[in-house]
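Inside the fold
Chain by chain, the residues:
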Amino acid sequence: MKALARALAVPAGISLLFVAGLALWLHQRWLQLGDTGRITGYILFAVMLGLGVLNLRKRLSMVPLARAADWVSWHAVGGVLALALFWLHTNTLWPAGPYEQFLALLFYLVTITGIAGYALQKVTPKWLTQTGIELIFERIPIEIVRLRLTAERVVYDCCEATGSETLGRFYLETLDWYFRKPRFLTSTLGGGRRGQRWVRQQCDGVARALQANEISYLETLRQLADAKALADIHYSLQGATKLWLLVHVPLAAAVLVVALWHLLVVSVYAL
Amino acid sequence: MTQPFKFIPVDTGYERPNFPWRCGAGAHWTRPCTLGPSIHGQCRGTSECAPTRKGDRWECRRPASLGGSCPVGPGTDGSCSQIHPPCAPVRTIRGWRGHLTVLAIVLMLSLIAALHSESFTRASGVSSINPGPLTSRHAQFVGEQGCATCHAAHGQGPGGWLAAAFAPRDASGRCVDCHAFGGSAEAAHNTTFEKRQDVAQTSCIMCHTEHKGQTANLVQIADAQCQTCHTEKFDHFAKNHPQFGPHYPYPERGAIQFNHVAHFDKHFADPRYKPNAPTGCVGCHRLDAGVNVMRTTKFADMCATCHTDQITRREFVLFRLPEFNESKIAAAKVTEACGPSPAELESLKARLNALTRGTPSPPAKNEPYSSISADPPNAVLAYLLGVPADDPDAYGESVQSLVLDMARDGVMPLADKLPASAARPALLAGLNGELVRRVACAWAANREYEPPPEGKGTTGWKADGLTLRLVPAGHADPVVRSWLDFVVSGPPAKSKEDAARLDAMRKEMLSTAEGPGACVKCHALTAASADKLQIDWSKHYARSGPQTRFLHAPHVNLLGPDATCTVCHKFDSTADYAAAFKTLDPHQYVSNFKAMVTTTCSGCHAAGKVRADCQACHIYHRDHTFKKRMVNIDSAAAN
Amino acid sequence: MTDVAMMARPQRWDVPFDPAMTDADVRLLLQRREFRDIKPDNFPPHMPLEGILKNDARLVHFRPGDIVVREGDYGNSAFLVLEGRLRVVLAPGLPPDLHGRQHGRQKGFFEALAQLWTNRRIPEVRDIRRYRFAREGLRHDYSSGNVRVFIQDIPAVLDKHRTAGLEDGAIFGEIAALGRVPRTASIFAETDARLLEIRWQGLRELRRYDENWRRQIDERYRANALRTHLRDTKIFEGLDENVLEAIAERTLFETYGSFDWHLSYKQLMQRGENAEAKEPVIAQQGDYPDGVLLIRAGFARVSMKLGTGKRTLTYLGAGDHYGFDELYANWKSGETKPLQTTLTAVGYIDILRVPAEVLEKHVFPRQAQPPKALISLADRPLSDDALIDWAVDKRFINATKAMLIDLDRCVRCDDCVRACASTHGGNPRFVRAGSTFDHWMVTNACMHCADPVCMIGCPTGAIHRSLEGGTVVINDDTCIGCGTCAASCPYDNIRMVEITDVSGKELVDPKTRQPILKATKCDLCESNPGGPACVRACPHDALRRVDFRDTNPFRSPNA
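Cut-offs used in this document
- Residues numbered from 1 in each chain as written.
- Chains lettered and ligands numbered in written order.
- Predicted model: local features only at pLDDT ≥ 70, side-chain atom pairs only at ≥ 80, totals over all residues.
- Heavy atoms only, no water.
- Phe/Tyr/Trp six-rings, centres within 6.5 Å; stacked < 30°, edge-to-face > 60°.
- Helix = DSSP H or I, 4+ residues; strand = E, 2+ residues; numbered from the N terminus.
- Buried < 20%, exposed > 50% of the residue type's maximum accessible area, 1.4 Å probe, protein only.
- Lys NZ or Arg CZ within 6 Å of the ring centre and 35° of its normal.
- Pairing = 2+ DSSP bridges.
- Core = buried A, V, L, I, M, F, W, Y, C linked by side-chain atoms within 4.5 Å.
- Domains from an automatic or database assignment.
- Contact = heavy atoms within 4.5 Å.
- Buried area = accessible area lost by both parts, 1.4 Å probe.
- Salt bridge = Lys/Arg side-chain N within 4 Å of Asp/Glu carboxyl O.
- Polar contact = N/O pair within 3.5 Å; in protein donor to acceptor, adjacent residues only side chain to side chain.
- Nonpolar A, V, L, I, M, F, W, Y, C, P; charged D, E, K, R; others polar.

Tallied over the full model, the rule gives 45 aromatic pairs over all chains. Judged by centre distance (4.7 Å) and plane angle (80 degrees), the ring pair of C:Tyr221 and C:Phe253 falls under edge-to-face. With C:Tyr221 in helix α10 (residues 211-232) and C:Phe253 in strand β11 (residues 252-256), this pair connects stretches of sequence that are 32 residues apart. According to the relative accessible area criterion, C:Tyr221 is buried, its value standing at 6%. A relative accessible area of 13% means that C:Phe253 is categorised as buried. An aromatic cluster of at least three residues, connected via ring pairs, comprises C:Trp390, C:Phe396, C:Phe437, C:Trp440, C:Tyr491, C:Phe548 and C:Phe554. Above the ring of B:Trp96, the side-chain terminus of B:Arg91 is found at 6.0 Å from the ring centroid. It is C:Arg495 that lies over the ring of B:Tyr14; its NZ or CZ is 5.9 Å from the centre.

Encoded structure:
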């Protein structure tokens, strides 16, 4: 929290001053029956372009263009600033024209996804760290397959060593489904650990039916399943932190296009 | 026992998150290959090495990163033994992101193009250029022209758009096609202020912004915005609004001298008149007429019951035959004009009888002349003929000449004496030429006119004895009114004598004692300019300001119909009301109502009570009207 | 239940320096004056002089122009000239390209920006036309497997540079070998030359058991490098030249640990054993201090007894000292307090021992206030030790530019990896994985070690420290893909990649049919403006490059 406050303090302070100053000036202009829409519109569009430039900045990491962390701080604050400017510009929460309504809808969606994404990015790192393991997202399939193959090997070894098929049947009935791919994603997305609970329930349930010499194999399976649960958490949380951008970025591009046309029409049709 | 599972941090090459593809096998949660897809998204993992021929055998050359030489080794034909079915690589999330972004841009562009195409816009009613519905009133007027009614660039194509984007704005141009004002449309309050040269040019869209919905309020303006220009600033109406004028809202007298105090306190209380008294204020003032001023109803409905005979009694004498010292009218001419008079006829008959009897007629006796009238000419006549009224020698010839002409030609000679103006016909309207001739003939023959026995009708032009006069038909007789107008606004005097005669005529005509001067007992006589008078036949109070509006109806309705007017309009019985009508200056006025002050209103119009914003009482525009009128659709279609 | 494979305990001379050394060679060598006067009796029975020469030395032949040692290289051996003439290039040294190194030229802003479109989408593309140097500047000796960089135009070099001759009987390279410091000058063969190359272990034994060799080596060191080092030491600040001279006279040299510590360390790590138990003890808690220990190179762990175990208090690196506070306290109070802490060698360590009486005479009287005792670190909570333990156990203390990621902030977006790729032709140069502790991760990115063991044994000098910033870089043009550096790196931070040509075709050696490999690693974006792109690119301020020699590398500089 302290780090967050520190990162946002300067941009937020400057933005707040800017908005306050602008609002004061706009009020003066409004008192004198001056047009405020054009000025706020251009400022808003400039801010929106500035927000969009973050995407370019990420492509231009080979040249020194200030720290991306500062960019993101400014981006986050700038997004809220844009919302304030949007309201100063439209003087309403919901405009009257269908095209403007569409633009507003897109704008709100981008803002909401942005804020949600920012919040998500502040929460997921800690949850990921709490798993105690580190996995690169692209490698999770490799690890899950490796876990499954190891588990299958353990079950096979057990059947071979003990001559009992109980563990094999248990695996086919329950754990096979579990090891097949990441499971309980929605639970882990909320920071929950349903996967581990499920594994405990299943394993405790079958333990009563197993012979003493099979128990050690079950314990190994349990460890593998627990490891898999951690991998699942990584898959869902890391996936979520990537997926929200899948919504935010295309929407942002759409907003810029739609806003550009709005700008064009307004400058042509202005009286 | 197997070791607890440990994630292997990094056992192969670099992860390449900058690549847009990932192994399809991994995507389906089966074992992904270590090579990964090619940059173009093709599977590269079908075999693990390309064996090389060494001598007569094939050698595995699987790189160390895949585990070195495989235990099986290449087949006899040199093929790799580690064969996997190819996967269908899938895009990474990032790869999809780029694609979706491009897709979103393309989608938006096509949406804009579709919304801009006329056919789509017409079919759906949705347009990319319409920022919202017009107010319902404006929406009715755009009609066939559509957006182009206001936006010149509409439908002009890219060239027109480009031109419009750089053209200077004409913010009010299209508004004044329909709207008209009592001044420049682009000046503050449609007025040029002498004191406030700094007030910039205004434009309609400063306040009136359209496309905010069908029911949007286009005329809203905040008090603070008003106060930006107005130098006298105040916080709230109830607190420190500038005080109204000293006689507010009665800055000058009206047309009618109606002493409310006298009527209500004296006359209406009188048992004789009580039956005729109006029922309160609304007996005379109509709630449904007028905006700022409560208009009164007609004379007939208000005053006639008491005051009609005060009007019909007062006759207007156009022509009074004056005294002559001698007759300048040759009898022959009179006979020529009128035929023989009864006396002449007698003498003629006698002469004829004598002739037939052979008796010579006695010679005509020259009787001494004796004027039938002993009066001076009336002032109107003296003015019209331009003669002094006090010297029979001076006026005798002119008057007798006129009488002879009238005897000969009826009304016309009389009319010729009137100044040529549009009012001339009105002045003599209804005057019968035959009557004039008969009267003139009698007078020419030095006889009093004896009207025939009264037919029907007691009003209108009458003659008897020595006068030709008008009996008013009642209130607002047009001829009397024309004469009074003529008298007060008569042509400028040509000489000193003329001025004296004009003055005499006015004195006679406006005498409250007799004659048509009864009118000015009620109708105010006012100096229109330094040398011009006028009678205020009907006049409303000048509004206290063109930018002010007061609606009586809601106030009355709110407070109840009775005893309501006096809440604000309070009698001032001490005021010398009548004196105000003795002067010619309408502003030298004392109302018999007490002046209103801001506290009169602020009892209700106060914070937390009734609205007290500027627009509650003030109107921005001066004399706003429409150039175009609402057209009846049916008749328009018929045309 | 772990499977145990049996093998004989490795012995010192199981792997001789050069198996081709014969007894005849040794006999011939023993007749030379450098070895003739050595008394064999001084050598312990298990470490005879002949054995040293046979197993820790080899005969090497250089042709005219061959570079024997390069300025800036790390080396683990010294040379004795047997025949021929060599030339030492005096300052200023040879230009980098003659060394097979790259210029440390920085790109301009727009040149850097151009990478946006010049970066390849195909992995590890190389324009092989660039590898002219590989064809022309290297001399392959296929019989020995050696590859040498050689100077093609000796007269031109002699013309342009000041050089000094090295004749028969000269010894060189011993400071770099024993002191673990970079070679200070380049030496090349002017004529055909035969040299005896003695690896550092052998050199150490010769110095230890023979008075002449010791005197010779120590005097050369005292003359060349010791004074500078003492002057740079904090506790001797402000002493005048005469005093420093006196201290230098009395200073003793010691080395601890294994020169090739990284190899044994990697084995230990692979076996999952605790490295700490194997660390040689330099000074023991409870012993009486006889002098202050100055660390000249390498690292040492400061620990103390705790119950039946030990706790690590801190680690010391080059420039640090040990035992000073106890000696000072004793001098002040007249007591004889023993050492409060134990000092053990982490890897290889080179130590200078300055005797107590020298300090009492020259240093303590000038000491304004008592030095801060190392033992005071013991006041901190035990749980705080863990982070230090981790850093020492994993040898991160070696790092000057470790990539440290705060996992509580990192959203695992890989922007750092992409930024890395964008400055390296589209190829990442590190893997965002590595050892973690609590919420800290030191990734598999080159740490630019204070003691860069990867540089030992590079045949072409392709891996080197850049002269500008001390960054460890690899010259792709001269890298022959032998993999020595990657195998040496204790942190797995050097990766061998298979390269492709510009059309995306895999490059294969025509002889072996094996892919051509190149060693790659983080170069700290040395040729790019603005420093490491990974740090700049981190959107959440989670990634830093830290120097573990700082007092608290884990504290955020923004805090």
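Picking up after the structure, the text goes on.
Another aspect to go through is the pairing of strand β14 (residues 309-316) of chain C. Remark: a regular strand shows side chains that alternate across the two faces of the sheet. Residues and elements named next belong to chain C. The element β14 is extensively covered by neighbouring structure, given that six of its eight residues are classed as buried. Bridge analysis of strand β13 (residues 291-306) against β14 gives seven bridges, and the strand direction is antiparallel. Bridge assignment links Ala300 to a residue of β14, and that residue is Leu316. Linking β13 to β14, which pair antiparallel, is a turn of two residues; within it Gly307 sits at a positive phi near 60 degrees.

Looking now at the nonpolar core. Within soluble globular proteins, side chains that are nonpolar generally end up buried alongside one another. Residues C:Leu196, C:Leu206, C:Trp213, C:Ile463, C:Ile494 and C:Phe548 are the most contacted members of the largest nonpolar core, which totals 69 residues. Considering every element that reaches this core, the biggest residue donor is helix α15 (residues 385-393) of chain C, with five residues. Both domain 1 (21-111 + 148-225) and domain 2 (232-371) of chain C contribute no fewer than three residues apiece to this core. Not counting residues within four places of it along the chain, the set of residues in contact with C:Phe548 comprises C:Tyr315, C:Ala391, C:Phe396, C:Ile397, C:Ala399, C:Ala402, C:Val442, C:Pro553 and C:Phe554. Within the second largest apolar cluster, 58 residues are counted, among which are B:Leu318, B:Leu431, B:Ala440 and B:Ala444.

Next up on the list: the environment of C:Arg250. All names here are of chain C. With respect to the helices, strands and loops of the structure, Arg250 is situated in helix α11 (residues 241-250). On the accessibility criterion, Arg250 (39% relative accessible area) is partly exposed. Sequence spacing of Arg250 and Arg353 is 103 residues, and the spatial spacing of their C-alpha atoms is 8.7 Å.

Let's shift gears to the interface of chain A and chain B. Often, the extent of an interface is quoted as the loss of accessible area upon association of its parts. Contact with chain A, which involves 60 residues of that partner, is made by 63 residues of chain B. Roughly 5,200 Å² is buried in total at the junction of chain A and chain B, and carbon and sulfur atoms are behind 72% of that figure. Among the residues chain A hides against chain B, the three largest losses belong to A:Leu33, A:Tyr269 and A:Leu271. Together they make up 17% of the total. Run the count over chain A and chain B and you get one salt bridge. Among the salt bridges present, the one from B:Glu15 reaches A:Arg139, with a minimum N-O distance of 2.5 Å. Seen at the junction of chain A and chain B, the total is eight residue pairs in polar contact (both at pLDDT 80 or more). Going through the elements one at a time, α1 (2-31), α2 (37-59), α4 (98-130), α5 (140-162) and α9 (212-269) of chain A are the ones with two or more residues in the side of chain A that touches chain B. Per-element tally for the side of chain A that touches chain B: the top contributor is α9(A), with 24 residues. Residue composition of the side of chain A that touches chain B, grouped by class: 41 nonpolar, nine polar and 10 charged.

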